[in-house]
Structures are given as C-alpha cells and as structure tokens.
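This is what each chain is made of:
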Amino acid sequence: MQQVADTGIPNGTCTDAVTGDVKTVPNGTLSVAAPGKGNLRVYVPNGPGKIGSDGPYLK
C-alpha cells in the first residue's frame, strides 16, 4: 500500500469529503494511504464530512 503526504496544510482536523474519514494534521503534514487504483481523497480543513450518498461510484 502506498502512502501519500502533502505539506503546508494548516494544523488541525481535515475530513475527507468522499469517505468521511477524519485525519489530524500535525506539523503541517497530511499523510494518507492510497490503496489500489482509482481512489479519490478530498481532505477539507474543518470540513463537514462525507458529501453525497453511497452508490455505485461512492462508498
């Protein structure tokens, strides 16, 4: 499984708008797993959570 990291992110909580997953950002770095192909992650600082309903393309 591959790890992906980005820097320059404001410290605090980021929520993935696709899955609802919540990550804590320490030291300005957000790191997430990137399993498989065709996966999308959209982490939003202080985001409201998952948008949309589960279906054939969003789980």
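Peer 1: Describe the nonpolar core, with residues and values.
Peer 2: Side chains that are nonpolar tend, in soluble globular proteins, to be buried together. In terms of nonpolar packing, the biggest core is built from 6 residues, these being Ile9, Cys14, Val25, Leu30, Val32 and Tyr43. Those residues in contact with tyrosine 43 that sit more than four places away from it in its chain are Cys14, Thr15, Asp16, Asp21, Lys23, Leu30 and Val32.

Peer 1: Can you tell me about the sheet that holds strand β5 (residues 43–45), naming the residues and giving the values?
Peer 2: Read across the open sheet, the 3 strands follow the order β3-β2-β5; overall the sheet is antiparallel. One side of each edge strand has no neighbouring strand; the edge strands of this open sheet are β3 (22–25) and β5. When the angles between neighbouring strand axes are averaged without regard to direction, this sheet yields 35 degrees. Direction of pairing for strand β2 (residues 12–16) relative to β5: antiparallel, over a ladder of 3 bridges. From the neighbouring strand, aspartate 16 faces β5, where its bridge partner is tyrosine 43.

Peer 1: Please set out the pairing of β2 residue by residue, giving values where relevant.
Peer 2: On a regular strand, each side chain points to the face opposite its neighbour's, so the side chains alternate between the two faces of the sheet. As defined by bridge partners, β2 adjoins β3 across 4 bridges and the pair is classed as antiparallel. Considered in β3, the bridge of threonine 15 is made with valine 22.

Peer 1: Outline the side chain of aspartate 16, listing residues and values.
Peer 2: By the element assignment, aspartate 16 lies in strand β2. A distance of 3.0 Å separates a polar side-chain atom of aspartate 16 from the backbone nitrogen of valine 18. Engagement of the side chain of aspartate 16 in a polar contact is seen with the backbone nitrogen of valine 42, the distance being 3.0 Å. If we skip the residues at most four places from it in the chain, aspartate 16 touches Asp21, Leu40, Arg41, Val42, Tyr43, Gly49 and Lys50.

Peer 1: An account of the pattern of salt bridges is needed here, citing residue identities and associated values.
Peer 2: Across all of its chains, the model carries 2 salt bridges by this definition. Notably, a salt bridge pairs lysine 23 with aspartate 21, separated by 3.7 Å at the nearest N-O pair. Relative accessible area serves as the criterion here: at 26%, lysine 23 is assigned to the partly exposed category. We classify aspartate 21 as partly exposed; its relative accessible area is 29%. The residue aspartate 54 makes a salt bridge to lysine 50 at a minimum N-O spacing of 2.1 Å. Its relative accessible area of 54% is what places aspartate 54 among the exposed residues.

About the thresholds
- Residues numbered from 1 in each chain as written.
- Predicted model: local features only at pLDDT ≥ 70, side-chain atom pairs only at ≥ 80, totals over all residues.
- Heavy atoms only, no water.
- Core = buried A, V, L, I, M, F, W, Y, C linked by side-chain atoms within 4.5 Å.
- Buried < 20%, exposed > 50% of the residue type's maximum accessible area, 1.4 Å probe, protein only.
- Contact = heavy atoms within 4.5 Å.
- Pairing = 2+ DSSP bridges.
- Helix = DSSP H or I, 4+ residues; strand = E, 2+ residues; numbered from the N terminus.
- Axes fitted to C-alpha atoms, helices over the stretch in contact; angles between N-to-C directions.
- Polar contact = N/O pair within 3.5 Å; in protein donor to acceptor, adjacent residues only side chain to side chain.
- Salt bridge = Lys/Arg side-chain N within 4 Å of Asp/Glu carboxyl O.

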